[in-house]
Amino acid sequence: MDSIRVTKVEKVLCGKSGGAHYGSLHLTAHHLIFRYEESEKEELWVPYPLISLVLKLPQTLHGQSPLTFHTRMFETFSLSFEKERDAIDVFESVKELTVCTSVNQLYAFFYTPNPPFNTTGGWSLYSPREEFGRMGVGTRTKAWRFTDINKDYAFSPTYPSRLVVPSRISDSVLRYASKYRSKCRIPALTYLHWANFGSITRSSQPMVGIKQNRSLQDEKLVEAVFQSHHFSELRPSGPVYGATSTNLIVDARPTANAVANTAKGAGTENMDNYKDAKKVYLGIDHIHTMREALVKVVDVLREADNVAASVTGSLPGEAQQLVVVDRQALRRSGWLRHISNIMEGAALIVRNIHINSSHVLVHCSDGWDRTSQLSALAQLCLDPHYRTIRGFQILVEKDWVSFGHKFLDRCGHLSSDKFFTSLPETGGTSSGADAAQAFLVSVQNRFTSQSHLKETSPCFHQFLECVRQLQRQYPSRFEFNERFLRQLLYHLYSCQFGNFLYNCERERRAGEDGVTPSERTACIWDFFNSTSELERNKNNAYDPSLDDPSSRDSAADMGVLYPNAKDIRFWHELYGRTEEEMNGRIVVSQAKEGPEFTPPNDSLEDDPVSSISAPAGIPLPPSPARTPNLSNPSVVPSNAGNTSEAMTAGLRGLWSSLPDIPQRTTADNIAVPSPTSLRPSGPPFRPSSPGSNPSPPARSWTSNSVDTFYNTGVRSVWGKLSSNATAAFSAMQDAYDGVAKDFKALPRPSGDNEDTQKISELQPRERLGDGDRSAYRTTSQSHSVGSSYNPWDNVKPQKAIHVLPSDNPWSTTRSRSPRQVSLSQDLSDGKSLPHDPTVAHLPRRVESGDSSGIRISGQNHDVGVPYLTVVSNESLVLEQEDQPPSTNIDPLGVGFL
């Protein structure tokens, strides 16, 4: 062929799966083949449609010209050439062979099995009349009928030629109803449940529009679907007590997306017009969001390969997996959340069909992406027949191929030259301007003319991942194994067979340019049904007896599976990684109740609800969002001296240098928070940030000052810094509120014996919390919060720390007018000089003649507590000292470094 510039290149170094081997590269019309020099190694065959990205890298220091290939099966390998000319020829040849402009140029039209498959008949595997007859259409119930209204695909080009509709609805009504549905995709039967007469019908969105249009024919059609169980000949006469009709219209889209489509003339059903039904939104995002989520997963895996290559100085694919995959970035991709949403929607349909004996109408926008996912997955759970190899093939043919999933557009079989990128050279004689210009051109090529790529989305890939989740949850209920699903996804992109090359049944039957696919291409089901493939794809743990509906075993489920939308993991075999590398260590108590899915834990610091016991010798940081269980003394070790010395002296010093909340230790070495943080009475604690636990933070101290925390994992040093800063902020806020309450409750002095009741200074909260809170003891002991409890206070302040605003900086209530009175009195006093924070001061009286108030002048606390003035109305006001303003203010009292 003219597209092949070079057919064979010798002495090529191929890096793949952590190893590099020499061999020869061969380019054929449809495959890139690498033959290793070691004869025992299997040849590497890569179909061109399987290539997703090719990067031409600059020359290495050893003079080799590398090419890096990324495939749609998440594999990465590199080819290094000794000559730059060979690398350019291979790059351009693969580019021209991969980019196809017509379906007829794909590999399927040139592939001939050799030897031929020992089974045939794959193209006629699915027969609508046989499959719906197996469900009971025409035998168990007369409520449904076959119609040939779309036999020439004029009624709905994207629907199958033979449809199953309610018997009460004529073809004339169907023609009128089709005008009300997008792409004329009317509600049509796709599954009739074997245990009752519940049904799954599928359609596209209604054309409601801004004017809130309605169609009587569509309403009659939906009503006939929801009342189809009344036509059963085997249905018992009279009412069935305990049975409730919960017919559902399942809109797979998010509510906002469904409502927004009304501006385009579409929308969602107005439930005032549909009787005996309810509507639910599943919140499954559109194809663009799914594509971006998978791209993020691929980027994380490629980044891991690149980092591993940079560490070892090799090319991507050659290096061993030395660097762990960034599991946090994998979670942020949202891929597992999307899988969970689909599983949750399928579980809803299964329960409504099997338990409620009701009907479900499923649709999204056009009814060929999310609708196919939900419909096929629900049938896989409801009917054990679809969990066999042959039944699964029929399910794919019926709900994906026949009902018009756009395989050609979603899979991007006609690849683009934008997938081929040549990075500019960084060395040589080229100037920096030339390199910058080359970079800009490469960026423009990546982001221009990509309108044909907007239709690509991993819809069928997502469905297979959901099936894999079910396989993992029910390992003995599927006849096929994990390899079967992986092979199916491989051949979805390899374009080796003709089943998944078109957008609908009409295109597949008619073909392109008169070429009929069933006559010119091989069928993928003949390949899977061949003897060699059947043996490799069978599940050895499969037990069909578990699907017996007549079983009365206590664990019997009548062959109906219920998906667990919480138990979702990455399909690590597909991505070529290990279970721990992709999903982390699995913790039994990982399930978290709530609308948001939480995948398995990959480290101790990921899941805040995990109950992993930490070693006794490792101090653990506090969490402001959690309160220890003080009612269980057995949680805290009674003898801290037996703890192991697991931390180094430097790390222990770093832990000990962080601020702590003061606590008291009882006789049993049980750390009890001080009244500053846990107050038995008074105003409720206010969380320091929205969404945090209203319980105040506390750290546990033992005799050896070993920190012990309850039921959490080890956090980082930065996490401890953040936690303690939040705790200090909350403690200060609590201290202000508590002091205000205590002084409001201060008894008003009277008589000449009040000298014995005078208070020399502000008492610490520990003293106020002991004994009778209404009685205050006289003391002259100096108490400095900053110097006693601040571990960072290693520099003595040169002067007292001032607080510019005299109000509580964490309070939303402003002080009242008596503050100005006290300030003027203090300014006229003339004795407002800075006090030494290390020396206790005697109380001073108010000399302004106001005998109704008492001035309490303690030392200036390092945490920035201003002077307090008690006025006649027993309200607390804050007094500001007459000192020049200072910009070095530390309201938290942690000191300046």
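Residues numbered from 1 in each chain as written. Predicted model: local features only at pLDDT ≥ 70, side-chain atom pairs only at ≥ 80, totals over all residues. Heavy atoms only, no water.

All right, on to the overall build of the chain then. Counting its regular elements, the chain contains 24 helices and 20 strands. The buried share among the 897 residues of the chain stands at 52%. With the model as given, the accessible surface of the chain reaches about 41,600 Å², and the carbon-plus-sulfur share is 53%. (Helix = DSSP H or I, 4+ residues; strand = E, 2+ residues; numbered from the N terminus. Buried < 20%, exposed > 50% of the residue type's maximum accessible area, 1.4 Å probe, protein only. Areas by Shrake-Rupley, 256 points an atom, 1.4 Å probe, with all protein chains shown as cover.)

At their nearest, the axes of helix H9 (residues 370-382) and helix H13 (residues 459-473) sit 10 Å apart, and the two run at 20° to each other. Overall, the two elements H9 and H13 adopt an arrangement that is roughly parallel. Viewed along their axes, H9 and H13 form a crossing whose handedness is right-handed. Residues Gln373, Ala376, Leu377, Leu380 and Cys381 of H9 form the contact with H13, whose participating residues are Cys459, Gln462, Phe463, Cys466, Val467 and Leu470. In the contact of H9 with H13, the residues fall into 9 nonpolar, 2 polar and no charged. (Axes fitted to C-alpha atoms, helices over the stretch in contact; angles between N-to-C directions. Parallel < 35°, antiparallel > 145°, perpendicular 65-115°, else oblique. Left-handed = near helix turned anticlockwise from the far one by under 90°. Contact = heavy atoms within 4.5 Å. Nonpolar A, V, L, I, M, F, W, Y, C, P; charged D, E, K, R; others polar.)

A few words on the sheet that holds strand E13 (residues 278-281). Here 5 strands make up an open sheet; going across it, the order is E10-E11-E14-E12-E13 and the pairing mixed. Of all the strands in the sheet, the pair left with one neighbour each is strand E10 (188-192) and E13. With strand direction ignored, the average angle separating the axes of adjacent strands in the sheet is 25°. By the bridge criterion, 4 bridges tie strand E12 (residues 248-251) to strand E14 (residues 360-363) in an arrangement that is parallel. Bridged to Val250 within E14 is Val362. Contacting strand E11 (199-202), E12, E13 and E14, helix H8 (residues 335-355) crosses the sheet at an angle of about 160° to E14. (Pairing = 2+ DSSP bridges.)

What follows covers the side chain of Asn503. Positionally, Asn503 belongs in the loop between helix H14 (482-494) and helix H15 (505-510). At 3.1 Å, the side chain of Asn503 forms a polar contact with the backbone nitrogen of Leu408. Excluding residues that lie within four positions of it along the chain, Asn503 makes contacts with Gly404, His405, Lys406, Phe407, Leu408 and Asp409. (Polar contact = N/O pair within 3.5 Å; in protein donor to acceptor, adjacent residues only side chain to side chain.)

Bringing the pattern of salt bridges into the picture now. One pass over the full model with this rule turns up 33 salt bridges. The shortest N-O distance in the salt bridge between Asp399 and Lys398 comes to 2.4 Å. Put simply, Glu482 and Arg486 hold a salt bridge, and the shortest N to O gap is 2.7 Å. Residue Glu482 and its partner Arg486 are both found in helix H14; the two are separated by 4 residues, about one turn of the helix. Overall, Glu482 belongs to the buried group, its relative accessible area being 12%. (Salt bridge = Lys/Arg side-chain N within 4 Å of Asp/Glu carboxyl O.)

Looking at the secondary structure, you find Phe420 in strand E15 (residues 420-422). Separated by 328 residues in sequence, Phe420 and Glu92 place their C-alpha atoms 8.9 Å apart.

One ladder, built from 7 bridges, connects strand E1 (residues 8-16) with strand E2 (residues 19-27); its direction is antiparallel. Opposite Lys8, over in E2, you have His26 as the bridge partner. Hairpin geometry of E1 and E2 is characterised by an intervening segment of 2 residues between the two adjacent antiparallel strands and by a positive phi of about 55° at Ser17. Note: E1 against strand E7 (residues 76-81), 4 bridges, orientation antiparallel. Bridging from a neighbouring strand, Lys16 pairs with Phe77 of E7.

The next point concerns helix H10 (residues 389-402). Here H10 is 14 residues long and its end C-alpha atoms lie 18 Å apart, about the 20 Å a rise of 1.5 Å per residue gives. For H10, the buried fraction is high: 13 of the 14 residues fall into the buried class. For H10, the N-terminal capping position is held by Thr388, with its side-chain oxygen 3.0 Å away from the main-chain nitrogen of Gly391. Looking at the residues trailing H10, positive phi occurs at Gly404, about 90°. (Expected span 1.5 Å × (residues − 1).)

The terminal C-alpha atoms of H14, which comprises 13 residues, lie 19 Å apart, in line with the 18 Å expected from a rise of 1.5 Å per residue. Most of H14 is tucked away, with 11 of its 13 residues classed as buried. All of the buried residues in H14 are Glu482, Arg483, Phe484, Leu485, Gln487, Leu488, Leu489, His491, Leu492, Tyr493 and Ser494. Looking at the residues trailing H14, positive phi occurs at Cys495, about 60°.

The final tally for this structure, using the stated rule, is 26 aromatic pairs. A cation over a ring is seen here: Lys41 above Tyr36, with NZ or CZ 4.9 Å from the ring centre. A cation over a ring is seen here: Arg129 above Phe146, with NZ or CZ 4.5 Å from the ring centre. (Phe/Tyr/Trp six-rings, centres within 6.5 Å; stacked < 30°, edge-to-face > 60°. Lys NZ or Arg CZ within 6 Å of the ring centre and 35° of its normal.)

Okay, the side chain of Arg202 next. Position of Arg202 among the secondary structure elements: in strand E11. Of note is the side chain of Arg202, whose polar atom sits 2.9 Å from the side chain of Ser372.

If you walk through the whole model with that rule in mind, you get 0 disulfides. This cysteine, Cys459, is not joined by any disulfide, and Cys411 carries the nearest cysteine sulfur, 8.7 Å off. Free cysteine Cys495: the closest other cysteine sulfur is in Cys100, separated by 7.9 Å. (Disulfide = S-S within 2.5 Å.)

Right, let's talk about the environment of Met558 for a bit. Among the structural elements, Met558 can be located in the loop between helix H18 (531-537) and helix H19 (579-583). Its relative accessible area of 33% is what places Met558 among the partly exposed residues. For the pair Met558 and Pro384, spaced 174 residues apart in sequence, the C-alpha separation works out to 9.3 Å. Contact partners of Met558, with chain neighbours within four places excluded, come to Trp194, His354, Asp547, Asp548 and Pro549.

Time to look at the confidence of the model for the chain. Per-residue confidence for the chain gives a mean pLDDT of 73, with 58% of residues at or over 70. Segment residues 748-832 is flagged for pLDDT under 50; beyond a separation of four residues in sequence, or across chains, it makes 148 contacts in the model. The low-confidence segment residues 840-887 (pLDDT under 50) makes 141 contacts with residues lying over four places distant or belonging to another chain. (pLDDT = per-residue confidence, 0-100.)

We now examine the nonpolar core. Grouped together as the largest cluster of nonpolar side chains are 106 residues, with contacts concentrated most on Leu377, Phe392 and Tyr575. Beyond its immediate stretch of four places on either side in the chain, Phe392 contacts Leu380, His385, Tyr386, Phe463, Leu464, Val467, Phe480, Phe484, Leu485 and Leu488. Listed in part, the 26 residues of the second largest apolar core include Ile4, Cys14, Leu25 and Val54. (Core = buried A, V, L, I, M, F, W, Y, C linked by side-chain atoms within 4.5 Å.)

The next point concerns the sheet that holds E15. In a beta sheet, neighbouring strands are held together by backbone hydrogen bonds and run either parallel or antiparallel to one another. Read across the open sheet, the 8 strands follow the order E4-E3-E2-E1-E7-E6-E5-E15; overall the sheet is mixed. The two strands at the open ends of the sheet, each matched to only one other strand, are strand E4 (44-47) and E15. Recorded for the sheet is a direction-independent mean angle of 25° between the axes of neighbouring strands. Across 5 bridges, the pairing between E2 and strand E3 (residues 31-36) is antiparallel. Along E3, the bridge assignment pairs His26 with Ile33.

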